[in-house]
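# Observations on the model geometry
So the chains spell out like this:
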Amino acid sequence: MEYIVSLAKRRGFVFPASSIYGGIANTWDYGPLGALMKNNIKNEWIKFFVTSFDDMVLFDSAIFQNAKVWEASGHVDKFNDPLVDCIKCHKRYRADTLLEDTLKISVEGLSCEDMTRLIKDNNVKCPSCKGTLTSVRTFNLMFKTKMGPMADDGEDIYLRPETCQGIFINFSNILKSYRVKVPFGVAQIGKAFRNEITPGNFIFRTLEFEQLEIEYFTHPNDVDKTFTEIMDRVKRWYQYIGIKDENLKFVELSEEERAHYSKKTIDIYFKFPFGFKELQSFANRGDYDLSRHSKFSGEKLEYYDEVSKEKYTPYVIEPSVGLDRLFLALLVNGYREEKVGDNGIRVVLSLSSKIAPFQIAVFPLEVDNKSINLAKKIYEDLKLVYRCTYDEGSSIGKRYRRQDEIGTCKCITVDPNSLDDDSVTIRDRDTMKQDRVKISDLKEYLIKCFT
Ligand code: ATP
């Protein structure tokens, strides 16, 4: 993990936020390469899940919604974590995590009173200073603020803790304006905010993060079939972006472990350096959300099937993944160190060409005008089709290493012979194999590499 955090900072993937002011806990900024890679993931996700299916549409709802949305969704009452404080050093912990780590037992489904008793009976102390802990109480994870210029009498408003509610409350708008028919899915990418008590592990758990969510609406009788079909799409997505099978684990949650709205949940775990942890959740939310919003808003969120003449509230299948967590998983999945000859260690980020910040780097081997002009011409041409970078600084070996560790798939080198034989050398990131290719055949060669 340390190597990945250091690479991410050194090469401009991810920086600690507000660092010139001493930072802000668990908040990160994405640097030039990180921002590119994040966008590539989003674009590929839209391409894979939305544009390649006729039963999917894209959506983009506001971060702020009427506060009633969060009452209806259950977040005002139920989106809580159990919290405990140290009386001596005032450090704050999530009581369930603390108990599970200290006593090595599951505390799923236990009340605050039960956890307080466990702490007392087992003499659990503050892990930092061994001070006495307070009773366990709940803490709502939503960030609350006020709307309007007068903070005191402004209306309470929340930063959304998940993106999907914006889709549910627009169910009728989407139906009426786009004429979609059940079964269909709505996909959305957007920021979500949670006042997590114990964030950490770099970008794994942060206060502000992006979610990639799909709400797939289906007939209640078809829900099991739809669950399997959409899960199949999700499994193919992980293959598509190059996540290794052995890094994924599918875990079905028990009733006590599931969120209040869920009838069935499978969490998809990824093998992070700190263990297998949740990467994505995949839930059958039933008709919970549409029914609750119908009740709270007074507007019936139902579907009328013109063929069967049946009116019903669809069930929802929800695959939901955090973009930042997926970003970290992709770095971990692709990172490796290799011994190369006597020259030491080569760091390689084996990212799929679909999401690597750059697909191609172009170099002149020697920095004479003729080589530079030819290399720049090739670069300018390829830039129109591929994500390319150009580098003429330092030795060729160092330039290869620089590209390997940021995941660039192919390096194209113009050498003095290129001027005579109209050919370049193309080196592959993963195998380091080199091919000599005619400049006139370059496009055809690259099409084969990137499809
Ligand atoms: P966790 O158990 O890790 O807190 P969760 O079960 O509360 O996650 P969901 O509400 O199911 O998470 O959210 C869907 C996805 O959003 C998660 O699988 C994860 O990828 C991402 N996510 C949730 N909370 C965070 C966070 N604080 N930071 C980064 N990503 C998050």
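Residues numbered from 1 in each chain as written. Predicted model: local features only at pLDDT ≥ 70, side-chain atom pairs only at ≥ 80, totals over all residues. Heavy atoms only, no water.

### Brief notes about the overall build of the protein
Applicable threshold: Strands are runs of DSSP state E lasting at least two residues, helices are runs of H or I lasting at least four, and both sets are numbered from the N terminus onward. Working definition: with a 1.4 Å probe on protein chains only, accessible area under 20% of the residue-type maximum means buried, over 50% means exposed, and in between means partly exposed. It only takes one pair of heavy atoms within 4.5 Å for two residues to be counted as in contact.
Looking only at helices and strands, the protein features 15 helices and 23 strands. C-alpha atoms of the protein, sized along the principal axes, occupy 80 × 65 × 50 Å. A burial count over the protein gives 51% of its 451 residues as buried. By sequence separation, contacts in the protein at least 24 residues apart represent 65% of the contacts at least 6 residues apart.

### Examining the site of the ligand
Test applied: The near set for a molecule or strand comprises every residue that places at least one heavy atom within 4 Å of it. Pairs of N or O atoms are called polar contacts if they sit within 3.5 Å, as long as, within protein, a hydrogen donor faces a hydrogen acceptor (for residues adjacent in sequence, only side-chain-to-side-chain pairs). Areas reported as accessible are Shrake-Rupley estimates using a 1.4 Å probe. Residue values count occlusion only from the protein chains shown. Polarity classes work like this: nonpolar for Ala, Val, Leu, Ile, Met, Phe, Trp, Tyr, Cys and Pro, charged for Asp, Glu, Lys and Arg, and polar for all others, with Gly in that last group.
Around the ligand, a shell composed of 15 residues is seen, among which Glu196, Arg205, Glu278, Leu279 and Gly322 lie nearest. Between the ligand and the protein, one listed contact pairs a nitrogen atom with a side-chain N or O atom of Glu196 at 2.7 Å. Within the contact set of the ligand, an oxygen atom lies 2.8 Å away from a backbone nitrogen or oxygen of Gly322. Here the ligand has 580 Å² of accessible area as a free molecule, and 84% of this is covered by the chains. Per element, the largest residue contribution to the shell around the ligand is four residues, and it comes from strand S13 (residues 275–286). Residue composition of the shell around the ligand, grouped by class: four nonpolar, six polar and five charged.

### Brief notes about the pattern of salt bridges
Two side chains that carry opposite charge are able to pair once their charged atoms sit near each other. Put simply, the test is: Salt bridge, as applied in this entry: a Lys or Arg side-chain nitrogen positioned within 4 Å of an Asp or Glu carboxyl oxygen.
Taken as a whole, this structure holds 34 salt bridges when the rule is applied. In this structure, Lys410 engages Asp428 in a salt bridge whose closest nitrogen and oxygen atoms are separated by 2.7 Å. With Lys410 in strand S21 (residues 410–414) and Asp428 in strand S22 (residues 423–428), the pair connects residues that are 18 residues apart, well separated along the chain. For Lys410, a relative accessible area of 10% corresponds to the buried category. For Asp428, a relative accessible area of 17% puts it in the buried group.

### Remarks on the side chain of Gln165
Within the secondary structure, Gln165 is located in helix H7 (residues 165–168). Within polar-contact distance, the side chain of Gln165 engages the side chain of Glu162 at 2.9 Å. A polar side-chain atom of Gln165 sits 2.7 Å from a polar atom in the side chain of His293.

### Describing the layout of surface pockets
Here is the rule we go by: In the cavity and pocket records, a cavity denotes points on a 1 Å grid over the protein atoms alone where a 1.4 Å probe fits but cannot get out, a pocket denotes an open set with protein on both sides within 12 Å along at least 5 of 7 lines, and lining residues are residues with an atom within 4 Å of a point. Grid points are joined across faces, edges and corners, and a volume is the space filled by probe spheres set on the points.
Space inside the second largest pocket adds up to approximately 460 Å³. Around the second largest pocket sit 15 residues that line it, and Leu175, Val180, Tyr303, Tyr304 and Glu306 are the ones nearest its centre. Of all the secondary-structure elements, those providing two or more residues to the lining of the second largest pocket are helix H8 (171–178) and strand S14 (303–305). A class-by-class count of the residues in the lining of the second largest pocket yields six nonpolar, one polar and eight charged.

### Brief notes about the domain arrangement of the protein
The following threshold applies: Start and end points for every domain follow an automatic or database-based domain assignment. Buried surface area refers to the total accessible area, computed with a probe of radius 1.4 Å, that the two partners give up upon joining, counted for both partners together.
Domain assignment breaks the protein into domain 1 (2–74 + 147–332), domain 2 (80–140) and domain 3 (358–449). On a C-alpha basis, the centres of domain 1 and domain 2 stand 29 Å from each other. Interface area for domain 1 against domain 2, summed over the two sides, is near 620 Å², with a carbon-plus-sulfur share of 64%. The largest contributions to the domain 1 side of the interface with domain 2 come from Asn195, Ile197 and Thr198, which together make up 67% of the buried area. The tally of links from domain 1 across to domain 2 stands at zero residue pairs in polar contact (both at pLDDT 80 or more).

### Quick notes on helix H1 (residues 2–10)
The line we're drawing: Taken from the helix axis, the directions to the C-beta atoms give the arc we talk about.
Looking only at H1, the buried set comprises Ile4, Leu7 and Ala8. Buried residues in H1, looked at end-on, bunch into an arc of 100 degrees, giving them a common side. Set apart from the buried face of H1 by more than 90 degrees, the exposed residues are Glu2 and Arg10. Of the surrounding secondary structure, the elements contacted by the buried residues of H1 are strand S1 (14–16), helix H11 (323–334), strand S17 (335–339) and strand S18 (345–349). Phi turns positive, to about 80 degrees, at Gly12, one or two residues after H1.

### A closer look at the side chain of Ser73
By the secondary structure assignment, Ser73 is in the loop between helix H3 (67–72) and helix H4 (75–78). If we ignore the near neighbours within four places in the chain, the residues touching Ser73 are Gln165, His260, Tyr288 and His293.

### Observations regarding the packing of aromatic side chains
To keep things clear, this is the line we draw: For this analysis, a ring pair means two rings from Phe, Tyr or Trp (six-membered ring only for Trp) whose centres lie within 6.5 Å, classed as stacked if their planes differ by under 30 degrees, edge-to-face if by over 60, and tilted for the remaining angles. Think of it as a cone above the ring: NZ of Lys or CZ of Arg counts as a charge over the ring if it is within 6 Å of the ring centre and within 35 degrees of the ring normal.
Tallying each qualifying case throughout the model produces 21 aromatic pairs. Residues Phe184 and Phe217 carry aromatic rings whose centres are separated by 5.3 Å and whose planes lie at 35 degrees to one another, so their mutual orientation is tilted. A residue pair is termed long-range when its members are at least 10 positions apart, and Phe184 in strand S9 (residues 184–193) and Phe217 in strand S10 (residues 208–218) qualify at 33 residues. In this structure, Phe184 and Phe217 share a single accessibility class: buried. A connected cluster of aromatic rings, assembled from ring pairs, spans Trp45, Phe48, Phe49, Trp237 and Tyr240. The ring of Phe227 has Lys264 sitting right over it, with the charged end atom 4.6 Å from the ring centre. Over the ring of Tyr240 we find Lys354; its NZ or CZ atom is 4.5 Å from the centre of that ring.

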